[in-house]
Amino acid sequence: MAGRFDPRPTRTTVRGGHVVVPGQARADRSGGVSGGLGGRTRSWVPPWPLDLGLVLGPLRRGPADPTFRTTPDGAVWRASLTPVGPGTLRVSVRAGAVEGEAWGPGAEWLLEQLPRMLGESDDPDAFEPRHRLVAVTRHRRPGLRLTRSGLVLESLIPSILEQKVTTDEAYRAWRLLVRKYGVPAPGPGPLVGRGGGMFVMPEPRVWALIPSWEWHRAGVDNKRASTILRVVRVARRMEEAVGFEVGRAQERLEVVAGVGPWTSAEVVQRSHGAADAVTVGDLHLPGIVGFALAGDRDADDAVMLSLLEPYAGQRHRAARLILLSGRTPGRRQPRMPRGDIGRL
């Protein structure tokens, strides 16, 4: 019976931000494993159920993301380029309390940001389900809250890499570029994890100096590479957007050629915890929402927005819950072809 109410992750639920944290349930009940690794620490008790995999899952870019790890002791590790420098954060839940431990110049910043990163600024009580599927999924995911990372570039650059390609291609490009041009994450790093050591994403000036052939080897076409180069040239202006309200932040991001509504929505969902920033221009999302709410697998953006209208102010949360439900139409077209321009 347990499997019936805790289904295995699918590609759709993973896209909805479902990341399995090994041992998290066991750690919650037994006290888990404390950090004790010599970093700066902070404890915080959230007054709500917390699922680290659901809250922090949207920040992971693929199972081998060098900036994100989960470990068997129920901890989530993140390596970030903060406004004050690189930092590594380890988060675990111990007897209902969040234990944070951080290393590097950005340690204090990450610990200060920790409650907001885990959904303190979110207000899920403002959401009222209008469809049974959404209500059931919400009931089964009580630990879901929207993260607020407080960082723009760490979501903007991988979102640009994801434009018009398969997720596998985008994840590969992010992994290769971060591992080659980023810096090793401060601190001890997770003792167990997929993909080797952790890395902090490159600074803007380093992105700007990546040779054209390295973009090519990573499978990034000139259009996406050029957009990233334009973004990092105005990195400070991009990061300023984190202090704006959501609509104005999206306007700031979209000033850069190559950054449109799809990309800006994907960013503010993570940087601002934007509950209403629904992703438009997506290849699959309209059909998933249309099928889940109205049986219309051929829905376009206009139909999707119409179906989500009852959730005005909370449309992104509604879309996430639909993705997490796992209810999707059966495939009737070939998969999007996977290319690799690095082999050309």
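Refer to the preceding data block for the structure.
Residues numbered from 1 in each chain as written. Predicted model: local features only at pLDDT ≥ 70, side-chain atom pairs only at ≥ 80, totals over all residues. Heavy atoms only, no water.

1. Section: helix 17 (residues 315-325)
Thinking step 1. The buried fraction of helix 17 amounts to ten of the eleven residues, a majority that puts the element mostly inside the structure.
Thinking step 2. Considered for burial, the residues of helix 17 that qualify are R315, H316, R317, A318, A319, R320, L321, I322, L323 and L324.
Thinking step 3. Positive backbone phi, approximately 80°, marks G326, located one or two places after helix 17. (Buried < 20%, exposed > 50% of the residue type's maximum accessible area, 1.4 Å probe, protein only. Helix = DSSP H or I, 4+ residues; strand = E, 2+ residues; numbered from the N terminus.)

2. Some points on the packing of helix 7 (residues 153-161) against helix 11 (residues 222-233)
Thinking step 1. One way to put it is that helix 7 packs onto helix 11 with a least axis distance of 9 Å and a crossing angle of 160°. On the basis of their axis angle, the class for helix 7 and helix 11 is roughly antiparallel. Judged by the sense of rotation from one axis to the other, the crossing of helix 7 with helix 11 is right-handed. Contacts between helix 7 and helix 11 involve L153, L156, I157, I160 and L161 from the former and R224, T227, I228, V231 and V232 from the latter. (Axes fitted to C-alpha atoms, helices over the stretch in contact; angles between N-to-C directions. Parallel < 35°, antiparallel > 145°, perpendicular 65-115°, else oblique. Left-handed = near helix turned anticlockwise from the far one by under 90°. Contact = heavy atoms within 4.5 Å.)

3. Some thoughts on the pattern of salt bridges
Thinking step 1. Under the counting rule described, the total for this entry stands at 15 salt bridges.
Thinking step 2. Notably, a salt bridge pairs R252 with E240, separated by 3.1 Å at the nearest N-O pair. With R252 in helix 13 (residues 246-253) and E240 in helix 12 (residues 235-240), the pair connects residues that are twelve residues apart, well separated along the chain.
Thinking step 3. Overall, the relative accessible area of 28% leaves E240 in the partly exposed class.
Thinking step 4. Bridged by salt links that share partners, the residues R236, R237, E240 and R252 form one connected network. (Salt bridge = Lys/Arg side-chain N within 4 Å of Asp/Glu carboxyl O.)

4. Details of the side chain of S159
Thinking step 1. On the secondary structure map, S159 appears in helix 7.
Thinking step 2. A polar atom in the side chain of S159 sits 2.7 Å from the backbone oxygen of S155. (Polar contact = N/O pair within 3.5 Å; in protein donor to acceptor, adjacent residues only side chain to side chain.)

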